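# Examination of the molecular architecture
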Amino acid sequence: EQSSTVMQLFQIPEIGEARKFYEDGKLTLASQRLDRAEEICAGSRMPELSFLAHEALAHVNALIGEIGKEQHHRQMCAQTSVETAAKSPSPDTNLAVFDSHLSACITDMKLGMFETVTMHRAKKAAGRLGKDGPAHQRAAELVEGLSMLAGSNPTSEPEDVLDFMLD
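Below you will find a few notes about this structure. Going along each chain's sequence as written, the residues are numbered from 1 onward. Only residues with pLDDT of 70 or above have their local features reported here, since the model is predicted, and side-chain atom pairs are shown and tallied only from 80 upward, although totals for entire chains, interfaces and linings are computed over all residues. Hydrogens and water are ignored here; the side-chain numbers use all heavy atoms of the structure.

## Concerning the nonpolar core
Counting residues in hydrophobic clusters, the biggest one holds 14 residues, and the most contacted among them are Phe98, Leu102, Cys105, Phe114, Met119, Ala140 and Val143. A per-element tally of this core places helix α6 (residues 91–110) first, with 5 residues. Apart from residues lying up to four places away in sequence, cysteine 105 is in contact with Phe114, Glu115, Thr118, Met119 and Val143. Residues Cys41, Leu49, Ala53 and Leu57 belong to the second largest nonpolar core, which totals 11 residues. Throughout this description, the term nonpolar core refers to a set of buried Ala, Val, Leu, Ile, Met, Phe, Trp, Tyr and Cys residues connected via side-chain atoms within 4.5 Å. Relative accessibility decides the category of a residue: with a 1.4 Å probe and only protein chains considered, values under 20% of the type maximum give buried, values over 50% give exposed, and everything between is partly exposed. Helix and strand definitions follow DSSP, with helices as H or I runs of at least four residues and strands as E runs of at least two, each counted in order from the N terminus. Any pair of residues with heavy atoms lying within 4.5 Å of one another is described as a contacting pair.

## Quick look at helix α7 (residues 116–126)
If you check which residues of α7 are buried, you get Thr118, Met119, Ala122, Ala125 and Ala126. When α7 is viewed along its axis, its buried side chains cluster within an angular range of 120° and face the same direction. Turned more than 90 degrees away from the buried face of α7, the exposed residues are His120 and Lys124. The inward-facing, buried residues of α7 contact α6 and α8 (133–150). Working note: the arc is built from the helix axis to C-beta atom directions.

What follows is the structure in structure tokens.
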């Protein structure tokens, strides 16, 4: 099913145009074409397509240095991954929920913020990953610890940082 979604995405002409601009190093133009592609994906009412478009936009905006736009698209990835998992629950969609929420947390840290609710959702998704869950849970804890060290976690105190480092 995942490959058919990717095939549908590549049928959108703007995706091909964005790819060409990306390969030519014209990232701003690639971002503009991806914005249009995302509008088309949103109109398709297929959250899987929107997820992939937002993921691409987050990546390109990170490369351009548009962290605010990257953050927006990371949040949209998190939202659409939840919609996709609700529509078609599977290990793959649970992993997408985890990855998108953790990526949103990392992007928030770049901006000096940290959404504890987003981290909670990432940890909850890690718990649904079966035998791989503990490793993903630990990855989430490491990001949470980094947010403490960076001073972007609003719920942590200096003692929490020390406890984390000694744990």
